[in-house]
Amino acid sequence: MMKLRSIIILDFGGQYAHLIASRVRRLGAHSEIRDPETKASALKNAAGIILSGGPQSVYDPGSPAGDPGIFSLGIPVLGICYGLQWMTKALGGEVKQGAVKEYGPTVIEKIGAGGALLEWCPQKFIAWMSHGDEAKKLPEGFARVATSKSCANAAISNETRHFYAVQFHPEVTHTEYGQEILKRFVSLCHADPWSISGYAKRIGEEIKAAVQGRHVFMLVSGGVDSSVAFTLLNRVLGPERVQGLLVDTGLMRSDEVHEVRSALQKLGIRNLRIEDASEEFFVALKDVYDPEEKRRAIGETFLSVQKRVSEKMGLTHAEGWMLGQGTIYPDTIETGGTKHADHIKTHHNRVQAVQDMIVRGLVVEPLKDLYKDEVRRLGEELGLPHELVWRHPFPGPGLGVRILCEEAPQQLQASSFPFGPERPSGPSNDKLQAGKVAYAVLPVRSVGVQGDGRTYRHALALFSDHPCMPTGEIWKLATEIPNKMSAFNRVLLCTSQSEVADFVFTPGFVTRARADVLRAADRIVSEEMHVAGLYEKIWQFPVVLLPFGLKKGGQSVVLRPIESTDAMTADAVRLPEKVLKSMTERILKIQGIDLVFYDLTSKPPATIEWE
Ligand code: XMP
């Protein structure tokens with residue numbers, strides 16, 4: 001892929017570098033991500049360069065800096081957020097802390113025609129801002145082409161040299177006309193075209209070169225990614241050089257194993273062995289409460305089952321075997337794929353044992369440059385059945401990351417409460433009442449992304465008279481609360497009752513019993529989505545189990561339907577009242593479930609999963 005004339009994204013460490021790359025590819029141009037320090041001499045063949053956002057200030061010691069030589073290559077350069085600031089500084093301008101930090105939707109106003117970059121945007125549009133610093137003095141030859149209320153130089157350019165920079169994020173869907181801005185930049189670059197069929201051809205050659213005469217052993221989870229990767233390896237190398245193993249972890253969805261086996265059999269793929277290792281997984285997860293520890297335990301159990309089964313199958317004597325994985329692009333970044341990307345969480349495909357194998361050249365990951373939508377298109381090209389390709393993404397560690405584990409309730413500092421300073425007397429569950437909206441802080445925390453970094457914060461549950469029909473005010477609170485109060489990264493609506501609940505916490509780790517309860521709830525959600533004709537309209541619908549209820553041993557279920565294109569950003573889906581009500585009523589009939597919540601938060605500030 002190196003030989004292609006690409007648009008190169010220099011990753012200054014924001015969570016958005018790969019999102020930019022995927023947007024550029026969707027616009028039909030080849031894109032690649034590189035470390036920001038990449039020497040200009042190595043970028044001579046680039047069609048254009050995009051400098052990504054990043055969490056630091058250009059004046060922070062050790063903050064990432066590129067090679068200023070890139071500005072002498074005579075190719076278009078686009079700076080985004082931190083990219084704008086570094087470009088400004090590198091070309092002799094000045095960056096200072098802005099009067100206010102801007103985070104969220106902001107009105108951008110063009111100055112005149114807005115230069116070549118903003119040519120296709122209206123005079124005013126909404127963009128997603130996330131910054132503290134801004135350009136104060138522009139480098140020579142630059143002009144301001146757009147402004148916002150609290151950032152004078154919201155967009156700048158040197159039209160003669162084809163240098164453009166924006167303080168906002170055109171790559172996120174929250175920015176209106178963001179796609180037009182990137183499209184305009186791409187049109188100025190003349191990069192080599194990108195298409196999924198072109199990728200399939202190239203990757204076939206790359207797989208053959210990487211595997212050489214060896215065989216590939218692959219864990220198939222039943223999800224889209226590993227099924228597509230497994231099918232691709234079968235096609236490229238032939239079934240006699242590939243062996244699949246589906247490990248039943250006990251953390252899979254209801255009927256999943258059966259469905260996967262029959263779907264692959266219909267494709268004529270029979271080199272898949274199924275191994276029930278559920279007991280081993282539950283033993284490994286006993287007394288494990290930390291999410292990172294859980295991912296590690298699950299990843300390592302996978303490897304030990306794989307080792308045991310491969311020994312049983314007589315596959316081990318060989319240097320001749322490699323490990324195949326269905327890792328996709330977002331999985332690699334969220335572990336910190338490039339040098340400056342903040343560590344969000346360790347993907348189970350990236351635990352230490354696998355990293356060691358990667359270093360030794362023993363892992364083949366044919367989808368690691370693709371985003372989910374690209375994997376699906378590739379799956380269709382390979383002739384996989386529609387229902388398999390359009391299956392909702394399901395995390396490799398399965399229900400394991402959807403069963404929240406805590407040893408003790410997580411309390412919140414009183415000073416962090418949103419409405420009024422006074423802490424209520426009474427129960428210790430931190431419930432409060434403010435105006436018409438009643439709310440309570442959950443005694444557990446979940447992961448999120450606020451600004452450019454990882455957060456592990458509380459969720460706030462709202463209680464309303466119409467529990468299955470969130471009003472405009474409730475949706476507004478869902479945006480405002482995490483934006484204004486960094487103590488919270490999620491807002492939920494309780495769909496099972498209108499009165500504030502007295503939460504009763506029960507310590508819990510992952511057990512078969514908890515997995516069975518969550519599996520039953522997840523099945524109800526799937527059935528209801530299909531009945532309502534919503535399955536393919538919703539991108540993903542995690543169902544999460546929380547270790548508290550209304551009585552000792554009681555638990556809660558969170559419904560987390562989201563819309564997304566690539567899992568990098570997401571919005572909560574607005575479910576019809578009837579569907580929400582039916583899901584809630586049926587889930588409450590499961591023994592041990594006391595409460596049901598509906599997660600209203602977008603990503604950012606929350607993530608899709610709760611861990
Ligand atoms: P988050 O929660 O980071 O999720 O917004 C983004 C996408 O990644 C999936 N996900 C995982 N997939 N192993 C996986 O295979 C994991 O550990 C993992 N964690 C999150 C998540 O389901 C969503 O599609």
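Reading the values: rules and limits
- Residues numbered from 1 in each chain as written.
- Predicted model: local features only at pLDDT ≥ 70, side-chain atom pairs only at ≥ 80, totals over all residues.
- Heavy atoms only, no water.
- Helix = DSSP H or I, 4+ residues; strand = E, 2+ residues; numbered from the N terminus.
- Rg over C-alpha atoms; globule rule 2.2 N^0.38 Å.
- Buried < 20%, exposed > 50% of the residue type's maximum accessible area, 1.4 Å probe, protein only.
- Contact = heavy atoms within 4.5 Å.
- Areas by Shrake-Rupley, 256 points an atom, 1.4 Å probe, with all protein chains shown as cover.
- Lys, Arg positive; Asp, Glu negative; His and termini not counted.
- Charge placed at Lys NZ, Arg CZ, Asp CG, Glu CD.
- Pairing = 2+ DSSP bridges.
- Axes fitted to C-alpha atoms, helices over the stretch in contact; angles between N-to-C directions.
- pLDDT = per-residue confidence, 0-100.
- Core = buried A, V, L, I, M, F, W, Y, C linked by side-chain atoms within 4.5 Å.
- Domains from an automatic or database assignment.
- Buried area = accessible area lost by both parts, 1.4 Å probe.
- Salt bridge = Lys/Arg side-chain N within 4 Å of Asp/Glu carboxyl O.
- Polar contact = N/O pair within 3.5 Å; in protein donor to acceptor, adjacent residues only side chain to side chain.
- Phe/Tyr/Trp six-rings, centres within 6.5 Å; stacked < 30°, edge-to-face > 60°.
- Lys NZ or Arg CZ within 6 Å of the ring centre and 35° of its normal.

A few words now on the overall build of the protein chain. Secondary structure summary: the protein chain contains 15 helices and 25 strands in total. For the protein chain, the C-alpha radius of gyration of 25 Å lies close to 25 Å, the compact-globule estimate for 611 residues. C-alpha atoms of the protein chain, sized along the principal axes, occupy 70 × 70 × 45 Å. Burial statistics for the protein chain: of 611 residues in total, 61% are counted as buried. Nonlocal contacts in the protein chain, meaning residues at least 24 apart in sequence, comprise 76% of its contacts between residues at least 6 apart. Here the protein chain displays about 23,500 Å² of accessible surface, and carbon together with sulfur accounts for 52% of that area. Within the protein chain, one finds 71 positive and 72 negative side-chain charges whose respective centroids are separated by 2 Å.

So, on to the sheet that holds strand β11 (residues 242–248). With respect to topology, five strands assemble into an open sheet ordered β12-β11-β10-β13-β14, the strand pairing being parallel. Unpaired on one side and paired on the other, β12 (272–276) and β14 (363–364) mark the two borders of the sheet. Sheet analysis places β11 next to β12, joined by five bridges and oriented parallel. Paired with L246 across the strands is I274, a residue of β12. Those strands touched by helix α8 (residues 291–312) are β10 (215–219), β11, β12 and β13 (321–324), and its axis lies near 120° from that of β12.

Moving on: the environment of G268. As for its position among the elements, G268 is in the loop between α6 (256–266) and β12. As for G268 and A90, which are separated by 178 residues in sequence, their C-alpha atoms are 57 Å apart.

A large share of helix α1 (residues 17–26) lies buried, amounting to nine of its 10 residues. Those residues of α1 that fall on the buried side of the exposure criterion are A17, H18, L19, I20, A21, S22, R23, V24 and R25. Backbone geometry just after α1 places G28 at a positive phi near 90°.

Here strand β20 (residues 543–546) shows a buried face lined by V543 and L545 and a second buried face lined by V544 and L546. Of the pairings in the sheet, the one linking β20 to strand β22 (residues 555–559) comprises four bridges and is antiparallel in character. Bridge pairing links V543 to L559 in β22.

Mean pLDDT over the protein chain: 88, with 91% of residues reaching 70 or higher. Of the regions scoring below 50 in pLDDT, residues 420–435 engages in 33 contacts with residues more than four places distant in sequence or in other chains.

Nonpolar side chains in soluble globular proteins tend to end up buried together. L462, F541, L559, L575 and I587 are the most contacted members of the largest nonpolar core, which totals 66 residues. Looking at this core, the element that brings in the most residues is helix α14 (residues 512–531), giving seven residues. Per-domain counts for this core show at least three residues from each of domain 2 (199–401) and domain 3 (414–599). Non-local contacts of L575, meaning those with residues more than four positions away in its chain, are made with L534, I538, F541, P561, L580, M583 and Y598.

By domain assignment, the protein chain separates into domain 1 (7–189), domain 2 (199–401) and domain 3 (414–599). When each unit is reduced to the centre of its C-alpha atoms, the spacing between domain 1 and domain 3 is 36 Å. Listed per partner, the contact involves 13 residues of domain 1 and 10 residues of domain 3. Between domain 1 and domain 3, roughly 1,000 Å² of surface is buried when both sides are summed, and carbon and sulfur atoms account for 48% of that area. Contact with domain 3 buries area across many residues of domain 1, yet Q15, L19 and Y103 alone supply 43% of it, more than any other trio. At the junction of domain 1 with domain 3, the criterion picks out zero salt bridges. Inspection of the region where domain 1 meets domain 3 yields zero residue pairs in polar contact (both at pLDDT 80 or more). In terms of residues, the side of domain 1 that touches domain 3 owes the most to one element, α1, which gives four residues.

Here we take up unusual backbone geometry. Going from K603 to P604, the amide bond is cis rather than trans, its omega being -15°. A positive phi angle, near 60°, is found at H162, a position not held by glycine. Within the element layout of this structure, H162 appears in the loop between β8 (151–158) and β9 (163–166). A positive phi angle is found at Q212, which is not glycine, with a value near 50°. In this structure, Q212 sits in the loop between α4 (196–211) and β10.

This part covers the packing of aromatic side chains. If you walk through the whole model with that rule in mind, you get 15 aromatic pairs. Ring geometry for Y289 and F509: centres 6.1 Å apart, planes at 80°, overall edge-to-face. Residue Y289 is found in the loop between α7 (278–284) and α8, and its partner F509 is found in the loop between β19 (504–505) and α14; the two are separated by 220 residues along the sequence. Both residues of the pair, Y289 and F509, belong to the buried class. Each residue in the set F12, F71, Y82, W86 and F163 is aromatic and connected to the rest through ring pairs, giving one cluster. The ring of F394 carries R253 above its face, with NZ or CZ at 4.0 Å from the centroid. Its end group placed over the ring of W475, R574 keeps NZ or CZ at 4.2 Å from the ring centre.

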